[in-house]
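A closer look at the structure
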Amino acid sequence: MPLSHGRPYLAIPGPSVIPDRVLQAMHRPAPEIHGGAMVDLLAGLLPDLRAVARTRHKVAMYISNGHGVWEASIANTLSRGDRMLALATGRFGHGWAETAEAMGVDVEVLDFGKRSPVDPDRVAARLAEDRAHAIRAVTLVHVDTATSVRNDVAAVRAALDAAGHPALLMVDCIASLACDRFEMDEWGADVMISACQKGLMVPPGLGFVFFNERAEAARVCADLVTRYWDWRMRADPEEFYQYFWGTAPTHHLFGLRAALDMLVHEEGIEAAWARHARLARAVWAAFDTWGRAGSIELNVTAPDHRSHAVTSVRIVPPNATALREWLADTAGVTLGIGLGMAAPGDPAWHGFFRIAHMGHVNAHMVLGALGSIEAGLLALDLPHGPGGLEAAAAVIAGR
Ligand SMILES: *Cc1c(COP(=O)(O)O)cnc(C)c1O
(Lines give C-alpha, C1' and ligand atoms only; values in the text may rest on other atoms or scores of the structure.)
Protein backbone atom coordinates (compact mmCIF):
# COMPACT_ATOMS: atom_id res chain seq x y z
CA MET A 1 0.00 0.00 0.00
CA PRO A 2 1.59 3.32 -1.02
CA LEU A 3 2.20 5.60 1.95
CA SER A 4 4.35 7.99 -0.02
CA HIS A 5 1.99 10.95 -0.35
CA GLY A 6 3.54 13.69 1.75
CA ARG A 7 6.84 15.48 1.58
CA PRO A 8 9.35 13.38 -0.40
CA TYR A 9 12.84 12.83 0.97
CA LEU A 10 15.54 12.68 -1.70
CA ALA A 11 18.33 10.93 0.22
CA ILE A 12 20.77 10.70 -2.71
CA PRO A 13 24.23 12.27 -2.45
CA GLY A 14 23.53 15.32 -4.53
CA PRO A 15 21.52 17.23 -5.29
CA SER A 16 20.74 17.37 -1.58
CA VAL A 17 17.58 18.54 0.19
CA ILE A 18 17.11 22.25 -0.58
CA PRO A 19 15.90 24.39 2.34
CA ASP A 20 12.61 26.24 1.70
CA ARG A 21 14.46 29.45 2.60
CA VAL A 22 16.90 28.88 -0.25
CA LEU A 23 14.06 28.18 -2.70
CA GLN A 24 12.15 31.24 -1.51
CA ALA A 25 15.23 33.45 -1.81
CA MET A 26 15.51 32.41 -5.46
CA HIS A 27 11.85 33.09 -6.24
CA ARG A 28 12.04 36.71 -7.36
CA PRO A 29 12.36 38.84 -10.50
CA ALA A 30 15.75 39.07 -12.20
CA PRO A 31 17.95 41.86 -10.82
CA GLU A 32 20.13 44.37 -12.66
CA ILE A 33 23.57 42.81 -13.09
CA HIS A 34 25.79 45.83 -13.68
CA GLY A 35 25.67 47.35 -10.25
CA GLY A 36 23.48 47.82 -7.24
CA ALA A 37 22.41 45.00 -4.97
CA MET A 38 24.19 42.21 -6.90
CA VAL A 39 27.59 43.79 -6.30
CA ASP A 40 27.01 44.04 -2.57
CA LEU A 41 25.58 40.53 -2.47
CA LEU A 42 28.69 39.10 -4.05
CA ALA A 43 31.04 41.01 -1.77
CA GLY A 44 29.25 39.47 1.21
CA LEU A 45 29.39 35.92 -0.12
CA LEU A 46 33.17 35.71 -0.47
CA PRO A 47 34.14 35.92 3.22
CA ASP A 48 31.46 33.37 4.08
CA LEU A 49 32.71 30.94 1.44
CA ARG A 50 36.21 31.32 2.89
CA ALA A 51 34.83 30.68 6.36
CA VAL A 52 33.25 27.41 5.18
CA ALA A 53 36.51 26.34 3.49
CA ARG A 54 38.59 27.52 6.48
CA THR A 55 40.95 29.52 4.30
CA ARG A 56 42.22 33.05 4.01
CA HIS A 57 43.12 32.45 0.37
CA LYS A 58 41.41 33.24 -2.93
CA VAL A 59 38.30 31.73 -4.45
CA ALA A 60 37.18 31.65 -8.08
CA MET A 61 33.52 30.93 -8.82
CA TYR A 62 32.11 29.31 -11.93
CA ILE A 63 28.72 28.58 -13.43
CA SER A 64 29.38 24.84 -13.39
CA ASN A 65 28.90 21.57 -11.60
CA GLY A 66 31.64 19.49 -10.00
CA HIS A 67 32.94 18.19 -13.32
CA GLY A 68 33.56 21.80 -14.33
CA VAL A 69 35.76 22.59 -11.35
CA TRP A 70 37.68 19.34 -11.84
CA GLU A 71 38.61 20.84 -15.20
CA ALA A 72 39.20 24.34 -13.82
CA SER A 73 41.64 23.08 -11.18
CA ILE A 74 43.72 21.19 -13.75
CA ALA A 75 43.59 23.98 -16.36
CA ASN A 76 44.99 26.59 -13.97
CA THR A 77 47.85 24.53 -12.56
CA LEU A 78 49.19 22.11 -15.18
CA SER A 79 50.58 22.01 -18.71
CA ARG A 80 50.21 19.40 -21.42
CA GLY A 81 52.49 16.48 -20.60
CA ASP A 82 52.90 17.38 -16.91
CA ARG A 83 52.79 14.44 -14.54
CA MET A 84 49.98 14.19 -11.95
CA LEU A 85 49.52 11.60 -9.21
CA ALA A 86 45.84 10.80 -8.62
CA LEU A 87 44.91 9.08 -5.37
CA ALA A 88 41.73 7.04 -5.83
CA THR A 89 39.43 5.52 -3.22
CA GLY A 90 36.40 5.12 -5.47
CA ARG A 91 34.75 6.44 -8.61
CA PHE A 92 35.43 10.14 -8.04
CA GLY A 93 39.21 9.86 -7.71
CA HIS A 94 39.20 8.13 -11.09
CA GLY A 95 36.83 10.72 -12.55
CA TRP A 96 39.16 13.62 -11.74
CA ALA A 97 42.10 11.60 -13.14
CA GLU A 98 40.23 10.88 -16.39
CA THR A 99 39.41 14.58 -16.75
CA ALA A 100 43.10 15.48 -16.47
CA GLU A 101 44.10 12.71 -18.87
CA ALA A 102 41.64 13.97 -21.48
CA MET A 103 43.28 17.40 -21.19
CA GLY A 104 46.72 15.97 -22.02
CA VAL A 105 48.13 15.49 -18.51
CA ASP A 106 50.31 12.42 -17.89
CA VAL A 107 48.29 10.85 -15.07
CA GLU A 108 49.43 8.10 -12.74
CA VAL A 109 46.73 6.61 -10.52
CA LEU A 110 47.46 5.14 -7.09
CA ASP A 111 44.38 3.03 -6.45
CA PHE A 112 43.48 2.13 -2.87
CA GLY A 113 40.42 0.05 -3.79
CA LYS A 114 36.77 0.63 -2.94
CA ARG A 115 36.71 0.17 0.82
CA SER A 116 39.95 1.63 2.20
CA PRO A 117 41.35 5.13 2.61
CA VAL A 118 44.49 6.47 1.00
CA ASP A 119 47.57 5.03 2.73
CA PRO A 120 49.89 8.03 3.30
CA ASP A 121 52.94 5.75 3.53
CA ARG A 122 52.36 4.50 -0.01
CA VAL A 123 52.04 8.10 -1.17
CA ALA A 124 55.25 9.10 0.62
CA ALA A 125 57.10 6.11 -0.90
CA ARG A 126 55.95 6.97 -4.42
CA LEU A 127 56.90 10.62 -4.02
CA ALA A 128 60.32 9.71 -2.60
CA GLU A 129 61.05 7.77 -5.83
CA ASP A 130 60.32 10.90 -7.85
CA ARG A 131 63.71 12.53 -7.20
CA ALA A 132 63.45 14.79 -10.24
CA HIS A 133 60.11 16.14 -8.97
CA ALA A 134 58.35 15.37 -12.24
CA ILE A 135 55.02 15.03 -10.41
CA ARG A 136 53.47 18.49 -10.38
CA ALA A 137 50.23 17.80 -8.54
CA VAL A 138 48.68 15.20 -6.25
CA THR A 139 44.87 14.96 -6.37
CA LEU A 140 42.93 13.67 -3.40
CA VAL A 141 39.17 13.28 -2.94
CA HIS A 142 38.31 14.11 0.68
CA VAL A 143 35.09 12.08 0.68
CA ASP A 144 34.56 9.70 -2.19
CA THR A 145 30.81 9.84 -2.72
CA ALA A 146 30.66 6.39 -4.34
CA THR A 147 32.40 4.40 -1.60
CA SER A 148 31.80 6.88 1.28
CA VAL A 149 35.49 6.59 2.19
CA ARG A 150 36.79 9.70 3.96
CA ASN A 151 40.50 10.42 3.50
CA ASP A 152 42.89 12.08 5.93
CA VAL A 153 43.99 15.25 4.11
CA ALA A 154 46.51 16.33 6.76
CA ALA A 155 48.19 12.90 6.63
CA VAL A 156 48.60 13.17 2.85
CA ARG A 157 50.07 16.67 3.31
CA ALA A 158 52.49 15.18 5.83
CA ALA A 159 53.45 12.52 3.26
CA LEU A 160 54.34 15.22 0.71
CA ASP A 161 56.33 17.11 3.33
CA ALA A 162 58.12 13.98 4.55
CA ALA A 163 59.24 13.30 0.97
CA GLY A 164 60.28 16.96 0.62
CA HIS A 165 58.15 17.01 -2.52
CA PRO A 166 56.97 20.33 -4.03
CA ALA A 167 53.88 18.98 -5.86
CA LEU A 168 50.63 20.84 -5.30
CA LEU A 169 48.08 19.09 -3.09
CA MET A 170 44.65 19.47 -4.71
CA VAL A 171 41.59 18.30 -2.79
CA ASP A 172 38.04 17.58 -4.01
CA CYS A 173 35.59 18.56 -1.25
CA ILE A 174 32.49 18.45 -3.44
CA ALA A 175 30.72 15.90 -1.22
CA SER A 176 32.26 16.85 2.09
CA LEU A 177 32.26 20.66 2.30
CA ALA A 178 30.15 21.89 5.24
CA CYS A 179 29.48 18.27 6.32
CA ASP A 180 32.84 16.73 7.25
CA ARG A 181 35.41 18.88 9.05
CA PHE A 182 37.82 20.37 6.52
CA GLU A 183 40.61 22.89 7.23
CA MET A 184 42.12 24.11 3.97
CA ASP A 185 44.93 26.22 5.44
CA GLU A 186 45.68 24.22 8.58
CA TRP A 187 45.80 20.94 6.65
CA GLY A 188 47.90 22.40 3.85
CA ALA A 189 45.70 21.98 0.78
CA ASP A 190 46.98 24.19 -2.06
CA VAL A 191 43.79 23.92 -4.11
CA MET A 192 40.32 22.91 -2.95
CA ILE A 193 37.35 22.47 -5.24
CA SER A 194 33.68 22.26 -4.36
CA ALA A 195 30.19 22.82 -5.75
CA CYS A 196 26.95 24.15 -4.31
CA GLN A 197 24.50 21.25 -4.56
CA LYS A 198 25.61 19.05 -1.69
CA GLY A 199 26.56 20.39 1.74
CA LEU A 200 25.89 23.94 0.56
CA MET A 201 22.19 23.14 -0.06
CA VAL A 202 21.72 25.13 -3.32
CA PRO A 203 20.45 23.68 -6.63
CA PRO A 204 23.31 22.49 -8.90
CA GLY A 205 25.01 25.24 -10.90
CA LEU A 206 27.85 26.86 -8.93
CA GLY A 207 31.41 25.55 -8.72
CA PHE A 208 34.21 26.91 -6.51
CA VAL A 209 37.99 26.70 -6.71
CA PHE A 210 39.95 27.92 -3.68
CA PHE A 211 43.70 28.36 -4.18
CA ASN A 212 46.73 29.59 -2.25
CA GLU A 213 49.93 31.40 -3.32
CA ARG A 214 51.70 28.17 -4.30
CA ALA A 215 48.87 27.39 -6.71
CA GLU A 216 48.92 30.97 -7.99
CA ALA A 217 52.60 30.51 -8.80
CA ALA A 218 51.79 27.33 -10.74
CA ARG A 219 49.16 29.25 -12.73
CA VAL A 220 51.89 31.44 -14.24
CA CYS A 221 53.26 28.58 -16.34
CA ALA A 222 50.10 26.44 -16.75
CA ASP A 223 49.51 26.15 -20.49
CA LEU A 224 46.21 24.27 -20.30
CA VAL A 225 44.26 27.31 -19.19
CA THR A 226 41.65 28.86 -21.46
CA ARG A 227 39.96 32.17 -21.08
CA TYR A 228 36.71 30.98 -19.56
CA TRP A 229 38.37 28.75 -16.96
CA ASP A 230 41.14 31.20 -15.99
CA TRP A 231 40.82 31.78 -12.26
CA ARG A 232 42.79 35.07 -12.16
CA MET A 233 40.04 37.44 -13.33
CA ARG A 234 37.40 35.61 -11.35
CA ALA A 235 39.33 35.87 -8.09
CA ASP A 236 40.52 39.46 -8.63
CA PRO A 237 37.97 41.07 -10.96
CA GLU A 238 38.31 44.66 -12.10
CA GLU A 239 34.66 44.70 -13.13
CA PHE A 240 31.67 42.86 -11.82
CA TYR A 241 31.05 40.73 -14.92
CA GLN A 242 34.49 39.18 -14.53
CA TYR A 243 33.47 37.25 -11.41
CA PHE A 244 31.59 34.87 -13.69
CA TRP A 245 33.11 35.92 -17.01
CA GLY A 246 29.72 36.97 -18.27
CA THR A 247 26.25 37.07 -16.81
CA ALA A 248 26.25 36.20 -13.11
CA PRO A 249 24.09 33.25 -11.95
CA THR A 250 21.79 35.74 -10.25
CA HIS A 251 19.26 33.42 -8.62
CA HIS A 252 21.84 30.91 -7.47
CA LEU A 253 23.60 33.75 -5.68
CA PHE A 254 20.40 34.68 -3.82
CA GLY A 255 20.02 31.03 -2.89
CA LEU A 256 23.64 30.77 -1.78
CA ARG A 257 23.21 33.88 0.39
CA ALA A 258 20.31 32.23 2.24
CA ALA A 259 22.24 28.95 2.60
CA LEU A 260 25.34 30.69 4.00
CA ASP A 261 23.18 32.71 6.39
CA MET A 262 21.87 29.45 7.79
CA LEU A 263 25.20 27.65 7.81
CA VAL A 264 27.71 30.31 8.81
CA HIS A 265 25.71 32.95 10.68
CA GLU A 266 22.97 30.93 12.38
CA GLU A 267 24.10 27.37 13.02
CA GLY A 268 27.88 27.91 12.70
CA ILE A 269 30.13 25.69 10.61
CA GLU A 270 31.52 23.73 13.57
CA ALA A 271 28.00 23.00 14.80
CA ALA A 272 27.07 21.87 11.28
CA TRP A 273 30.04 19.47 11.33
CA ALA A 274 28.96 18.17 14.75
CA ARG A 275 25.37 17.69 13.51
CA HIS A 276 26.56 15.69 10.53
CA ALA A 277 28.89 13.62 12.72
CA ARG A 278 26.06 12.67 15.09
CA LEU A 279 23.57 11.93 12.30
CA ALA A 280 26.17 9.78 10.53
CA ARG A 281 26.79 7.80 13.73
CA ALA A 282 23.04 7.14 13.99
CA VAL A 283 23.04 5.77 10.43
CA TRP A 284 26.04 3.53 11.16
CA ALA A 285 24.48 2.25 14.39
CA ALA A 286 21.33 1.19 12.53
CA PHE A 287 23.22 -0.63 9.78
CA ASP A 288 25.70 -2.25 12.17
CA THR A 289 22.74 -3.64 14.13
CA TRP A 290 20.78 -4.80 11.07
CA GLY A 291 24.04 -6.31 9.79
CA ARG A 292 24.19 -8.84 12.64
CA ALA A 293 22.11 -11.24 10.50
CA GLY A 294 24.95 -11.29 7.98
CA SER A 295 23.31 -10.01 4.81
CA ILE A 296 23.88 -6.26 5.06
CA GLU A 297 27.02 -4.25 5.91
CA LEU A 298 28.58 -0.82 5.73
CA ASN A 299 31.07 -0.50 2.88
CA VAL A 300 33.71 1.16 5.08
CA THR A 301 34.69 -0.85 8.14
CA ALA A 302 36.67 1.70 10.17
CA PRO A 303 34.46 4.52 11.57
CA ASP A 304 37.39 6.98 11.33
CA HIS A 305 37.37 6.59 7.57
CA ARG A 306 33.63 6.92 7.03
CA SER A 307 32.11 10.07 5.62
CA HIS A 308 29.66 12.14 7.64
CA ALA A 309 27.86 13.17 4.43
CA VAL A 310 26.98 9.85 2.76
CA THR A 311 27.02 6.15 3.65
CA SER A 312 27.54 3.30 1.17
CA VAL A 313 25.91 -0.01 2.00
CA ARG A 314 26.41 -3.58 0.75
CA ILE A 315 23.49 -5.99 0.80
CA VAL A 316 23.02 -9.42 -0.79
CA PRO A 317 21.91 -8.73 -4.40
CA PRO A 318 19.33 -8.03 -5.76
CA ASN A 319 18.08 -6.64 -2.46
CA ALA A 320 19.50 -3.13 -2.88
CA THR A 321 17.29 -2.52 -5.88
CA ALA A 322 14.27 -4.15 -4.22
CA LEU A 323 14.74 -2.02 -1.11
CA ARG A 324 15.26 1.22 -3.03
CA GLU A 325 12.13 0.59 -5.07
CA TRP A 326 10.07 -0.30 -2.01
CA LEU A 327 11.22 2.86 -0.21
CA ALA A 328 10.46 5.15 -3.15
CA ASP A 329 7.04 3.62 -3.86
CA THR A 330 5.83 3.04 -0.33
CA ALA A 331 7.60 5.50 1.92
CA GLY A 332 8.52 8.53 -0.22
CA VAL A 333 12.26 8.08 0.48
CA THR A 334 14.65 7.92 -2.48
CA LEU A 335 18.00 6.25 -1.72
CA GLY A 336 21.06 6.52 -3.95
CA ILE A 337 22.13 3.78 -6.33
CA GLY A 338 25.51 2.12 -5.91
CA LEU A 339 28.08 3.93 -8.03
CA GLY A 340 31.21 2.37 -9.48
CA MET A 341 30.94 -0.70 -7.24
CA ALA A 342 29.83 -3.10 -10.00
CA ALA A 343 29.05 -2.73 -13.71
CA PRO A 344 25.38 -1.84 -14.39
CA GLY A 345 24.75 -5.09 -16.33
CA ASP A 346 26.28 -7.26 -13.58
CA PRO A 347 23.85 -8.91 -11.07
CA ALA A 348 26.23 -7.66 -8.35
CA TRP A 349 25.13 -4.10 -9.23
CA HIS A 350 21.92 -4.77 -7.29
CA GLY A 351 23.90 -5.29 -4.09
CA PHE A 352 24.85 -1.67 -3.37
CA PHE A 353 23.00 1.47 -2.33
CA ARG A 354 23.81 4.75 -0.63
CA ILE A 355 22.02 6.96 1.84
CA ALA A 356 22.92 10.64 1.86
CA HIS A 357 22.81 12.64 5.08
CA MET A 358 24.42 15.80 3.71
CA GLY A 359 23.25 19.38 4.00
CA HIS A 360 19.77 20.30 5.18
CA VAL A 361 18.99 17.18 7.23
CA ASN A 362 18.18 16.79 10.88
CA ALA A 363 17.45 14.05 13.39
CA HIS A 364 13.82 13.45 12.46
CA MET A 365 14.66 13.18 8.75
CA VAL A 366 17.45 10.67 9.31
CA LEU A 367 15.39 8.67 11.82
CA GLY A 368 12.48 8.77 9.36
CA ALA A 369 14.65 7.41 6.56
CA LEU A 370 16.10 4.71 8.84
CA GLY A 371 12.63 3.78 10.12
CA SER A 372 11.45 3.49 6.53
CA ILE A 373 14.44 1.27 5.70
CA GLU A 374 13.61 -0.97 8.66
CA ALA A 375 10.00 -1.19 7.43
CA GLY A 376 11.31 -2.10 3.97
CA LEU A 377 13.56 -4.83 5.38
CA LEU A 378 10.51 -6.27 7.17
CA ALA A 379 8.14 -5.91 4.22
CA LEU A 380 10.56 -7.61 1.83
CA ASP A 381 11.50 -10.29 4.37
CA LEU A 382 15.19 -9.40 4.14
CA PRO A 383 17.30 -10.91 6.92
CA HIS A 384 18.41 -8.29 9.44
CA GLY A 385 19.34 -8.10 13.09
CA PRO A 386 16.62 -6.63 15.32
CA GLY A 387 16.89 -3.24 16.99
CA GLY A 388 18.54 -1.10 14.31
CA LEU A 389 16.17 1.77 14.83
CA GLU A 390 16.60 1.71 18.61
CA ALA A 391 20.36 1.78 18.13
CA ALA A 392 20.04 4.88 15.94
CA ALA A 393 17.68 6.53 18.43
CA ALA A 394 20.18 5.89 21.21
CA VAL A 395 22.86 7.76 19.24
CA ILE A 396 20.49 10.69 18.65
CA ALA A 397 19.61 10.65 22.35
CA GLY A 398 23.32 10.92 23.16
CA ARG A 399 23.50 7.53 24.90
C1 LIG B 1 29.24 15.01 -6.84
C2 LIG B 1 30.72 14.89 -6.89
C3 LIG B 1 31.45 15.23 -8.03
C4 LIG B 1 30.83 15.61 -9.33
O5 LIG B 1 29.98 16.68 -9.22
P6 LIG B 1 28.93 17.00 -10.40
O7 LIG B 1 28.28 18.24 -9.90
O8 LIG B 1 28.03 15.83 -10.50
O9 LIG B 1 29.70 17.22 -11.64
C10 LIG B 1 32.83 15.17 -7.95
N11 LIG B 1 33.45 14.77 -6.84
C12 LIG B 1 32.78 14.42 -5.72
C13 LIG B 1 33.53 13.97 -4.51
C14 LIG B 1 31.39 14.46 -5.72
O15 LIG B 1 30.71 14.10 -4.62
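Note that this is a predicted model, so its numbers are computed, not measured.

A few words now on unusual backbone geometry. In this chain, Gly14 is followed by Pro15 through a cis amide linkage whose omega measures 0 degrees. Of note, Pro15 is situated in the loop between strand 1 (9-11) and helix 1 (20-26). Pro317 connects to Pro318 through a cis peptide bond whose omega is 5 degrees. Its place among the elements puts Pro318 in the loop between strand 10 (310-315) and helix 12 (319-331). Not every positive phi belongs to a glycine, and His133 is a case in point at roughly 55 degrees. Residue position: His133 is located in the loop between helix 5 (120-129) and strand 5 (135-141). With relative accessibility at 32%, the residue His133 sits in the partly exposed group. Within the chain, Asp381 stands out as a residue other than glycine whose phi angle is a positive 60 degrees. Residue position: Asp381 is located in the loop between helix 13 (363-379) and helix 14 (388-396). Asp381 gets classed as exposed once you look at its relative accessible area, which sits at 70%.

Right, let's talk about the sheet that holds strand 8 (residues 206-211) for a bit. Judged by pairing direction, the sheet is mixed, and its seven strands sit side by side in the order 2-8-7-6-5-3-4 without closing on themselves. One side of each edge strand has no neighbouring strand; the edge strands of this open sheet are strand 2 (58-63) and strand 4 (106-111). On average, each strand axis in the sheet is inclined to that of its neighbour by 20 degrees, with strand direction left out of account. Of the pairings in the sheet, the one linking strand 3 (residues 83-88) to strand 5 comprises five bridges and is parallel in character. Bridged to Met84 within strand 5 is Ala137.

Turning next to the packing of helix 12 against helix 13. Relative orientation of the contacting elements helix 12 and helix 13 amounts to 115 degrees, with a least axis distance of 10 Å. By the angle between their axes, helix 12 is roughly perpendicular relative to helix 13. In this structure, helix 12 crosses over helix 13, and the sense of that crossing is right-handed. Of helix 13, the residues touching helix 12 (which contributes Leu323, Trp326, Leu327 and Ala331) are Ser372, Ile373, Ala375, Gly376, Leu377 and Ala379. When grouped by side-chain class, the residues that make up the contact of helix 12 with helix 13 number eight nonpolar, two polar and no charged.

As a matter of local geometry, the ligand sits amid 13 residues, with His67, Thr145, Asp172, Gln197 and Lys198 nearest to it. In the environment of the ligand, an oxygen atom lies 2.6 Å from a nitrogen or oxygen atom belonging to the side chain of Lys198. Take the shell around the ligand: its biggest share by element is three residues, from helix 3 (residues 66-75). Looking at side-chain class alone, the shell around the ligand contains six nonpolar, five polar and two charged residues.

A few words now on the domain arrangement of the protein. Many descriptions give the size of an interface as the accessible area lost when the pieces come together. Each assigned domain of the protein is listed here: domain 1 (9-16 + 269-396) and domain 2 (31-265). Measuring from the centre of the C-alpha atoms in domain 1 to the corresponding centre in domain 2 gives 28 Å. Every contact between the two is made by 32 residues of domain 1 and, on the other side, 29 residues of domain 2. Across the interface of domain 1 and domain 2, roughly 2,600 Å² is buried in total on both sides, 55% from carbon and sulfur atoms. Interface area lost by domain 1 to domain 2 is led by Ile269, Trp273 and His305, which between them contribute 27%. Run the count over domain 1 and domain 2 and you get two salt bridges.

What counts, and at which threshold
- Residues numbered from 1 in each chain as written.
- Predicted model: local features only at pLDDT ≥ 70, side-chain atom pairs only at ≥ 80, totals over all residues.
- Heavy atoms only, no water.
- Helix = DSSP H or I, 4+ residues; strand = E, 2+ residues; numbered from the N terminus.
- Buried < 20%, exposed > 50% of the residue type's maximum accessible area, 1.4 Å probe, protein only.
- Pairing = 2+ DSSP bridges.
- Axes fitted to C-alpha atoms, helices over the stretch in contact; angles between N-to-C directions.
- Parallel < 35°, antiparallel > 145°, perpendicular 65-115°, else oblique.
- Left-handed = near helix turned anticlockwise from the far one by under 90°.
- Contact = heavy atoms within 4.5 Å.
- Nonpolar A, V, L, I, M, F, W, Y, C, P; charged D, E, K, R; others polar.
- Near = heavy atom within 4 Å.
- Polar contact = N/O pair within 3.5 Å; in protein donor to acceptor, adjacent residues only side chain to side chain.
- Domains from an automatic or database assignment.
- Buried area = accessible area lost by both parts, 1.4 Å probe.
- Salt bridge = Lys/Arg side-chain N within 4 Å of Asp/Glu carboxyl O.

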